[in-house]
Amino acid sequence: MATTVADFLLSRLREWGVEHVFAYPGDGINEILGAFGRADDQPAFIQSRHEEMSAFEAVGFAKFSGQVGVCMATSGPGAIHLLNGLYDAKLDHVPVVAIVGQTARSAMGGSYQQEVDLISLYKDVASDYLQMITVPEQLPNALDRAIRIAMSRRAPTALIIPSDVQELEYSPPGHAFKQVPSSLGFDRPQLAPDQAGVQRAAELLNAGTKVAILAGQGARGATAELQEVAELLGAGVAKALLGKDVLSDELPYVTGSIGLLGTRPSYEMMRDCDTLLTVGSSFPYTQFMPALDQARAVQIDLDPSFVGMRYPYEVNLVGDAATTLRALIPLLEPRSDHDWRRRIEGHVADWWSTMESEAMVDADPVNPMRLFHEASPRLPEDSIVVADSGSSANWYARQLKFRGSMRGSLSGTLATMGPGVPYSIGAKFAHPGRPVVAFVGDGAMQMNGLAELITIHRHWKRWADPRLVVAVLHNNDLNQVTWELRAMGGTPKFVESQVLPDVSYADFASSIGLRGVTVTDPGQLGHAWDEALTADRPTVLDVHVDPDVPPIPPHATLQQMENTAAALFRDEDRWGVIKEGIKTKAQEMLTH
Ligand SMILES: Cc1ncc(C[n+]2csc(CCOP(=O)(O)OP(=O)(O)O)c2C)c(N)n1
């Protein structure tokens, strides 16, 4: 039997080492589905409940494997559903390739069923590379480029393959005019910075007496170098949200997260430093960086289109983080004055004890911080942790102490609701032997997490280590926004928009064959975590948390406090909120 375009597509994906395609079927890709059958499901077709989840699964897979994630959907509605996940990839700089169907060439332009102008629709999200395949000879080059560009630019790319083209007999490009042969593979360059720039950076950093380092996900792979630079400069290191796993929180000078979801020591370090070194981060909230005339600054980034922004940097070094730091290290002068470093370490130690006290404040029924606090020391050193967008992102950022080879991520830049459960599935396919934990709000569970539990149920037996824990923050509220309304707009909780219908997430999990555990008492938490982390199957921890515990940052502005107070005056939950808020904030003062 002749090889079709669809057969070739799958064989080329296999040659690229792609083992999973996160996808959902439809007649716009029927021929490709037939090819999966003929290829004995290699790469494996990982069916989700919704194409947006397939895209999130590809993003989660790519984030945790470091390889390209591939997702696939039918024409029209399927391709439209992928979009939010692809934007998540675009904004967090993740390599994902989307393959979507389209109506047959003979019907194009005929307002045919499910005919959507996909080139226009995908133009922005897949701006790095987007092609429609119209003849077989075009395919290898377009696919190879889609993969190579996704990997090299860390961006989503897309191929549109009309249904009739999928069925054509494959014929390769030849050695002829207007044919574009192609090849496999891609060796990443080690991008070294300009030596004169490194010299200027070293002079600037050596002149500083109070050095702060901001590390982002671009510093992953440069852990040892980052530690060495921090030691030499007597600096503290704050971590952007996507860089939470680049450096262990057990290091005494790591101040933790920065920004709205950040820690007090990060805030204080940025407020008081005289020198800033940013490595692999495009952290957007400049108000949490030093004042514009306060610090002299150096930035290191792989991508020349991302240097020089967000702060008036004096030296912008384009280079791979590890290579650039290695070039810098011999030029740095070790600090003899350790006051600044000691101050940072003191603030960090105080911070962790405050976090513990805040987590132990009693609440009605469970303090959400305690859920994270009890998890933190129990998380295995090789675990992968994800959080959804919602209050869980705050507690993930502030309460969890990362150590060992732990990995973690969330939708950092798009900050979309809903990736928690599908990211955890992508993580499991990336590392079937590692335990995965997802912290997800009840709103995100109702949006799509509940349905994606069914996907977990479908696939979990393939994973060498069956441990996947979804911890649901069950507060019957879209809590993060409820608090944003109070803090930003001075608006009281609007019940119609904020309150969620009550659902038992544990019962749902049990009903489909997963473990489901309901936690309504903080005393149960430790045991619940121990059981979930030793279970023989995925577990949903349905934790009834108090929506009145404020996820307000430790450095909230006076205006935000005033807004919150004004909103609470008109808020029907005001007494619970005030009580929990005062008890929590008191911990920051009492312990010290
Ligand atoms: C797709 C999408 N819709 C809406 C929002 C705005 N939003 C951000 S957090 C949030 C509330 C999340 O509620 P839930 O999942 O219950 O978590 P909680 O904050 O209550 O812990 C909303 C509505 C968003 N970020 N993404």
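Calculation notes
Residues numbered from 1 in each chain as written. Predicted model: local features only at pLDDT ≥ 70, side-chain atom pairs only at ≥ 80, totals over all residues. Heavy atoms only, no water. Pairing = 2+ DSSP bridges. Helix = DSSP H or I, 4+ residues; strand = E, 2+ residues; numbered from the N terminus. Axes fitted to C-alpha atoms, helices over the stretch in contact; angles between N-to-C directions. Contact = heavy atoms within 4.5 Å. Right-handed = clockwise from strand over helix to strand, strands pointing away. Buried < 20%, exposed > 50% of the residue type's maximum accessible area, 1.4 Å probe, protein only. Near = heavy atom within 4 Å. Polar contact = N/O pair within 3.5 Å; in protein donor to acceptor, adjacent residues only side chain to side chain. Areas by Shrake-Rupley, 256 points an atom, 1.4 Å probe, with all protein chains shown as cover. Nonpolar A, V, L, I, M, F, W, Y, C, P; charged D, E, K, R; others polar. Left-handed = near helix turned anticlockwise from the far one by under 90°.

Caption draft 1: Fine view of the sheet that holds strand β18 (residues 539–544). Strand order in this open sheet of six strands is β14-β13-β15-β16-β18-β17, and the pairing throughout is parallel. With partners counted over all chains shown, the strands left at the sheet margins are β14 (407–409) and β17 (515–519), one partner each. The mean inter-strand angle of the sheet, taken between neighbouring strand axes irrespective of direction, is 15°. Relative to β14, strand β13 (residues 384–387) runs parallel, the two being bridged by three bridges. Counted as the bridge partner of Val385 is Gly408 from β14. In the packing of helix α13 (residues 368–378) onto the sheet, contacts are made with β15 (436–441), β16 (468–474) and β18, and the angle to β16 comes to roughly 160°. On the sheet, helix α15 (residues 420–430) packs against β13, β14, β15 and β16 and is oriented at approximately 170° with respect to β15.

Caption draft 2: Examining the pairing of β17 more closely. For β17 and β18, the ladder comprises five bridges, and the chain directions are parallel. What sits directly across from Gly516, in β18, is Val540. The parallel pair β17 and β18, bridged by helix α20 (residues 525–532), forms a crossover whose chirality is right-handed.

Caption draft 3: A look at the side chain of Thr455. Its location among the elements puts Thr455 in helix α16 (residues 442–459). For Thr455, a relative accessible area of 0% gives the class buried. Among all residues touching Thr455, those that are not within four sequence positions of it are Gln47, Ser48, Arg49, Glu57 and Ile425.

Caption draft 4: The arrangement of the site of the ligand in detail. Around the ligand sit 17 residues, and of these Ser391, Asp442, Gly443, Asp477 and Asn479 come closest. Contacts to the ligand include Asn479, whose backbone N or O atom sits 2.8 Å from an oxygen atom. Gln480 places a polar main-chain atom, nitrogen or oxygen, 2.8 Å from an oxygen atom of the ligand. Protein contacts shield 78% of the accessible area of the ligand, which totals 580 Å² for the unbound molecule. For the shell around the ligand, the secondary-structure elements that each account for two or more residues are α16 and α17 (479–489). Its residues assigned to classes, the shell around the ligand comprises six nonpolar, nine polar and two charged.

Caption draft 5: Spotlight on the packing of helix α1 (residues 5–15) against helix α6 (residues 139–153). As a packed pair, α1 and α6 sit with axes 11 Å apart at the nearest point and diverge in direction by 35°. Relative to α6, α1 is oriented so that their crossing is right-handed. In this structure, α1 contributes Val5, Phe8, Leu9, Arg12 and Leu13 to the contact, and α6 contributes Leu139, Pro140, Leu143, Asp144 and Ile147. Among the residues forming the contact of α1 with α6, the class breakdown is eight nonpolar, no polar and two charged.

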